[in-house]
Amino acid sequence: MIKKGSEYGTMKETWHASLVEATRTAEVHSKMSNQLSEYVVEDVKDWKRNRFHKDILSWKETKKVEVAFAKAQKPWAVLYGRVQRAKKAYYNTSKNYFSLCRRIDEFESTVGYSLAKVQKEKEKVLRVEGHLHRAQIKYKSRLDDLHNYQEQYVIDMTREYDSWQEMERERIAYFTQIYEHYARSLDITQFKNLDSIYGEFERVIKRTSPLDDLTWFSQHHGKDMPRSFPQYEEYAGNSNEGVQMLDKRVPSQMSGSDQAYFKDPATSFGGSSYPPHMDIDINLSARLNPNPLSHQYDIPDPPDTETDLPELPGLDEADDWLPAARPKEIGTPHLYTSTKMKALYDFEAEEDDDLPFAAGDIVTVFAE
């Protein structure tokens with residue numbers, strides 16, 4: 001890329017040094033990547049392979065811990081469920097008892113209440129009161145059973161929790177060690193050649209000199225390059241050689257001075273080539289500019305003052321001056337093409353400029 005590019009001199013060396021620096025730095029990064037793959041990634045894969053085994057929907061070790069916790073919690077969960085059911089029954093019975101008591105009070109406060117109806121409601125209250133007493137005793141009994149098992153429940157759950165914590169402690173300790181290896185693999189100070197990589201690149205940058213590059217370019221492609229103009233040559237007696245207004249020979253058939261002139265007829269100093277980044281057809285330039293020492297085309301210079309503006313129809317003082325504007329030539333003959341066609345049917349003129357014709361007539365059509 002650099003060889004075919006447009007850079008030259010010390011700037012070309014700097015470009016090359018930047019690519020060398022990128023390549024050497026990429027090698028360092030590649031070594032770091034290899035260390036991560038060999039000492040970190042593979043180690044983690046082995047650890048996972050030895051400690052975790054795949055089940056249908058999860059890992060066997062995870063499922064084992066979940067089952068152990070569920071087994072330790074199940075007896076307490078059963079007792080807790082009984083307490084909740086007994087509590088609900090006691091609360092519903094209490095609600096019914098207090099509702100009946102309020103109804104009796106309402107009946108007794110009503111004028112002309114029925115004694116039989118009140119007596120019936122009181123009997124219901126007595127029955128509900130018995131249910132309420134039994135529900136209260138059952139609720140307290142279930143709660144006592146739960147409290148009595150609570151100590152064993154704590155022991156079982158603590159045992160399973162400690163077992164799981166030991167597994168978690170091993171996992172955290174292992175990954176702490178892995179991250180230490182990870183940090184060492186990413187430590188760029190372990191690569192002693194980094195200083196030389198950036199140091200050499202910095203030295204090349206400091207050696208870059210715009211003045212030296214411009215001087216070299218001027219000596220090889222500019223005003224300071226060797227000049228070779230055509231010189232007078234005495235006739236050597238060969239009748240095949242002579243002065244030609246337009247030399248159609250290829251450079252390999254020319255003499256040294258002619259070759260130098262042929263290579264760059266458009267430059268002011270007879271150089272050998274244009275700068276590498278300029279893609280110029282020198283033969284086209286020579287045809288457009290008969291004078292080999294001129295780069296200017298035959299375009300008139302713009303006027304110096306407003307009084308020099310050309311007088312063109314419809315051009316006022318506010319319009320821009322157009323150096324390429326030329327009046328259109330008048331009287332240029334027009335060229336026409338004609339086509340003969342045969343009429344298929346009769347046509348009667350409807351307008352003054354219509355041309356009537358009959359079927360079978362030959363009509364000549366002219367087009368500009």
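In the block above lies the structure referred to throughout.
Residues numbered from 1 in each chain as written. Predicted model: local features only at pLDDT ≥ 70, side-chain atom pairs only at ≥ 80, totals over all residues. Heavy atoms only, no water.

Student: I tried to follow the overall build of the protein chain on my own but got confused; where do I start?
Tutor: Helix and strand content of the protein chain: 7 helices and 2 strands. Going from N to C terminus, the protein chain has its helices and strands arranged as α-α-α-α-α-α-α-β-β. Taken over 368 residues, the protein chain has a buried fraction of 18%. For the protein chain, the proportion of contacts with a sequence separation of at least 24, taken over those separated by at least 6, is 59%. (Helix = DSSP H or I, 4+ residues; strand = E, 2+ residues; numbered from the N terminus. Buried < 20%, exposed > 50% of the residue type's maximum accessible area, 1.4 Å probe, protein only. Contact = heavy atoms within 4.5 Å.)

Student: When you look at the nonpolar core in this model, what are you seeing that I'm missing?
Tutor: Grouped burial of nonpolar side chains is what soluble globular proteins tend to show. The biggest cluster of nonpolar side chains holds 19 residues, and the ones touching the most others in it are Y90, Y97, V125 and Y139. Of all the elements in the fold, those that place two or more residues in this core are α2 (60–108) and α3 (115–185). A total of 10 residues in this core trace back to one element, the largest contributor, which is α3. For Y90, the residues in contact, after removing those within four places along its chain, are L132, A135, Q136 and Y139. (Core = buried A, V, L, I, M, F, W, Y, C linked by side-chain atoms within 4.5 Å.)

Student: Mind showing me how you'd approach the layout of surface pockets here?
Tutor: To find leftover empty space, one rolls a probe the size of a water molecule over the atoms. Of the voids in this model, the second largest pocket is the one considered here, and its volume is about 280 Å³. As for the second largest pocket, its lining consists of W47, R51, F52, E61, T62, V65, W164, M167, E168, E170, R171 and Y174. Elements supplying a minimum of two residues to the lining of the second largest pocket: α1 (9–51), α2 and α3. Among the elements that make up the lining of the second largest pocket, the one with the highest residue count is α3 (6 residues). Classifying every residue of the lining of the second largest pocket gives 6 nonpolar, 1 polar and 5 charged. (1 Å grid on protein atoms, 1.4 Å probe; cavity = no way out; pocket = protein on both sides within 12 Å on 5 of 7 lines; lining within 4 Å. Points joined across faces, edges and corners; volume = space filled by probe spheres on them. Nonpolar A, V, L, I, M, F, W, Y, C, P; charged D, E, K, R; others polar.)

Student: So what exactly am I meant to see when it comes to the packing of aromatic side chains here?
Tutor: By convention here, two paired aromatic rings are described through the distance between centres and the angle between planes. This structure, assessed with the given rule, holds 15 aromatic pairs. Between Y161 and W164 the ring centres are 5.8 Å apart and the planes differ by 45°, which places this aromatic pair in the tilted class. Of this pair, Y161 and W164 both sit in helix α3, 3 residues apart, which is roughly one turn of that helix. On the accessibility criterion, W164 (32% relative accessible area) is partly exposed. Members of the aromatic cluster, joined through ring pairs, are W47, F52, W59, Y174 and F175. Above the face of the W59 ring, K54 is positioned so that its terminal group lies 4.6 Å from the ring centre. (Phe/Tyr/Trp six-rings, centres within 6.5 Å; stacked < 30°, edge-to-face > 60°. Lys NZ or Arg CZ within 6 Å of the ring centre and 35° of its normal.)

Student: It is not clear to me how the environment of L194 should be interpreted in this structure. Could you clarify?
Tutor: Within the fold, L194 resides in helix α4 (residues 194–207). Residue classification places L194 among the buried residues on the basis of a relative accessible area of 11%. Remark: the alpha-carbon pair of L194 and V28, spanning 166 residues in sequence, is separated by 8.2 Å. Setting aside anything within four residues of it in sequence, one finds L194 in contact with V28 and I188.

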